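Below are the chains, spelled out letter by letter.
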Amino acid sequence: MKTQLTRRRWLLGTSSAALALPALELFSSRPASAAVTKPRLLVYYLPNGRNPEWWAPTTPGGVLTFPAQAAALQPFADQALSLVNLSNNAALASPGAAHAMGTGTVMTGVTIPTVAGGALHNDITLDQLIVRESAFQTRFSSLQFSAGEPGPCDVGGSSCAYTQSISWTGPASPLVPTIDPRAAYERLFGRGIDGLEGPAGEIRRGSVRSIIDFVKEDAEILQRALGQADKERLEEYFDAVRELEQNLFTEAECDDVGDMPLGGLPYAERIDAFHQLIRLALQCDQTQVISFMIEFGLSGRSHDFLGAPGGHHALSHYTDNNGRARLEIVETFQAQKLGSMLGLLRDTPSPSGGTLLDETIVLVIPSMGSGHNHDHARNCPILFGGKGVINADGRQIAFPAESPHPLTNLHVSLLHAYDIHGSFGHSGAVFGDDGTAPIPGILV
């Protein structure tokens, strides 16, 4: 049966519906126990810095222990690698637009000489270099999502691209993230109205059924050829797709339209929708590389729904204990959302016998250390997953606060994790301005 029915062949017969399949043992040419050659990559960006006291875990008794504000990450401590005091030297050397320079350089490691004049002066980001050098055979070379909304750019005439893009293919080529989960869903699964408007659009909208309905008969035939584990995996996948459809495409009552935010969902639910899209896109091998910005750099979002009013950026420069307490609520909320994303990956099994988290390197990277003083010299990123590739097994690599280590050497480490070697940086550097060697202890 395996020689007659392939994943591609089944997809070609599914009523021309653009529904991808999760990885199934039936379509796998390698044994279920075989290791994934290269892991997937998810870059998860956090804006306005991160206070290390609320973010960076400690290691009492040799056990990675997250502070109370990041307690949602504790269930994943044994699949985490904490890095403390990495210096984004490119941001430090760039002009004074601290948030634009933090967000704009945190994935490139390249100094931006000026923000004046409107011209862009950046470089290729880590994720896009991995895409370019790996040449993954997927439908999308990479995907970029954000739950943020366009807001003010940074000072000095800085382009919004520096704060609203975390992925760049070159010096003047930011990849604009999709900010509406419905648009992202339609791109992945083809459930749209073909750009029609007016009466024609209404007819088209009424004719669109669930994407699963289009492939139901084919799916029933396929399931007869599946083993029990594959059947359960396919059923869980279809359930997740249908639930996401219902969340994204439920029509609002007319008198509620004025209160409907971007994407038709409240902000917290919009984050959840993107998390589901990320999980499905990776599970179905739509892409191997995704970047997600939970908010844009310099985010001014007021988290009133948490009881923490006031723009996030303003709160990061708190002037009293009340502002500090509200910032703590926001950072706790974002840690909880990150925990929910990790949970989705951990709870999604793969044919290899592991989980999607095992097969994905999740790089969680703040725009800087403490946002209160724009501390680019003490960034504390965390790696999760990547089993068998990186040492995300409950350890920490900490550098002295008075002698931080170049952030770009983390990028070099991850290039080596994808078996990418060479010099891609400036003046002979492996990456960015000063990435010269992997950080000892990151790679297995």
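Described below are features of the structure shown in this document. (Residues numbered from 1 in each chain as written. Predicted model: local features only at pLDDT ≥ 70, side-chain atom pairs only at ≥ 80, totals over all residues. Heavy atoms only, no water.)

Things to note about the overall build of the protein chain
When its secondary structure is counted, the protein chain shows 15 helices and 13 strands. In the protein chain, which comprises 444 residues, the share counted as buried stands at 55%. Residue pairs in contact within the protein chain that sit at least 24 positions apart in sequence constitute 73% of those at least 6 positions apart. Within the structure as shown, the protein chain displays about 17900 Å² of accessible surface, and the carbon and sulfur contribution to it stands at 51%. (Helix = DSSP H or I, 4+ residues; strand = E, 2+ residues; numbered from the N terminus. Buried < 20%, exposed > 50% of the residue type's maximum accessible area, 1.4 Å probe, protein only. Contact = heavy atoms within 4.5 Å. Areas by Shrake-Rupley, 256 points an atom, 1.4 Å probe, with all protein chains shown as cover.)

Brief notes about empty space enclosed by the protein
One water molecule sets the probe size; rolling that probe over the atoms shows where empty space is left. In this structure the tally under the stated criterion is one cavity of 30 Å³ or more. Quantified by volume, the largest cavity comes out at close to 50 Å³. (1 Å grid on protein atoms, 1.4 Å probe; cavity = no way out; pocket = protein on both sides within 12 Å on 5 of 7 lines; lining within 4 Å. Points joined across faces, edges and corners; volume = space filled by probe spheres on them.)

Notes on helix α15 (residues 408–417)
The buried fraction of α15 is high, at nine of ten residues. Three or more residues of α15 are buried, namely Thr408, Asn409, Leu410, His411, Val412, Ser413, Leu414, Leu415 and Ala417. Lining the buried residues of α15 we find β2 (80–84), β3 (86–87), α5 (126–134), β10 (360–366), β11 (382–385) and β13 (405–406). In the segment just after α15, Asp419 is the residue with positive phi, at about 60°.

Examining the packing of aromatic side chains
In the structure shown here, the tally under the stated rule is seven aromatic pairs. The interplanar angle of 35° and the centroid separation of 5.3 Å between the aromatic rings of Phe145 and Phe274 together place this pair among those described as tilted. Of this pair, Phe145 sits in strand β4 (residues 143–146) while Phe274 sits in helix α12 (residues 267–283); the two residues are 129 residues apart in sequence, bridging distant segments of the chain. Phe274 carries the same exposure label as Phe145, and that label is buried. (Phe/Tyr/Trp six-rings, centres within 6.5 Å; stacked < 30°, edge-to-face > 60°.)

Focus on α5
Burial within α5 is extensive, with seven of its nine residues counted as buried. Listed as buried for α5 are Leu126, Asp127, Gln128, Leu129, Ile130, Val131 and Ser134. Its buried side turned inward, α5 meets β1 (40–46), β4, β5 (168–170), β7 (289–293), β10 and α15. At the C-terminal side of α5, Ala135 shows a positive phi close to 50°.

Describing the side chain of Asn51
Looking at the element boundaries, Asn51 is found in the loop between β1 and α2 (52–55). A distance of 3.0 Å separates polar atoms of two side chains, one belonging to Asn51 and the other to Ser370. Discounting residues that sit within four places of it in the chain, Asn51 has contacts with Leu327, Glu331, Ser370 and Gly371. (Polar contact = N/O pair within 3.5 Å; in protein donor to acceptor, adjacent residues only side chain to side chain.)

With respect to the state of the cysteines
Applying the stated criterion to the full structure yields one disulfide. Covalent S-S linkage joins Cys153 and Cys160, the inter-sulfur distance amounting to 1.5 Å. Given a relative accessible area of 27%, Cys153 falls into the partly exposed group. (Disulfide = S-S within 2.5 Å.)

Looking at the packing of helix α7 (residues 181–189) against α12
Packing of α7 against α12 leaves a shortest axis separation of 10 Å and a crossing angle of 15°. Taken together, the axes of α7 and α12 are roughly parallel relative to one another. The chirality of how α7 crosses α12 is left-handed. Seen from α7, the contacting residues are Pro181, Ala184, Tyr185, Leu188 and Phe189; seen from α12, they are Arg270, Ala273, Phe274, Leu277, Leu280 and Ala281. In the contact of α7 with α12, the residues fall into ten nonpolar, no polar and one charged. (Axes fitted to C-alpha atoms, helices over the stretch in contact; angles between N-to-C directions. Parallel < 35°, antiparallel > 145°, perpendicular 65-115°, else oblique. Left-handed = near helix turned anticlockwise from the far one by under 90°. Nonpolar A, V, L, I, M, F, W, Y, C, P; charged D, E, K, R; others polar.)

Description of the environment of Pro440
When you line up the elements, Pro440 lands in the segment after α15. Residue Pro440 is classed as exposed on the basis of its relative accessible area, which comes to 67%. With 31 residues separating them along the chain, Pro440 and Asn409 place their C-alpha atoms 9.7 Å apart.

Some points on the pairing of strand β9 (residues 308–311)
The pairing of strand β8 (residues 302–303) with β9 spans two bridges and is classified as antiparallel. Counted as the bridge partner of His303 is Ala308 from β9. (Pairing = 2+ DSSP bridges.)

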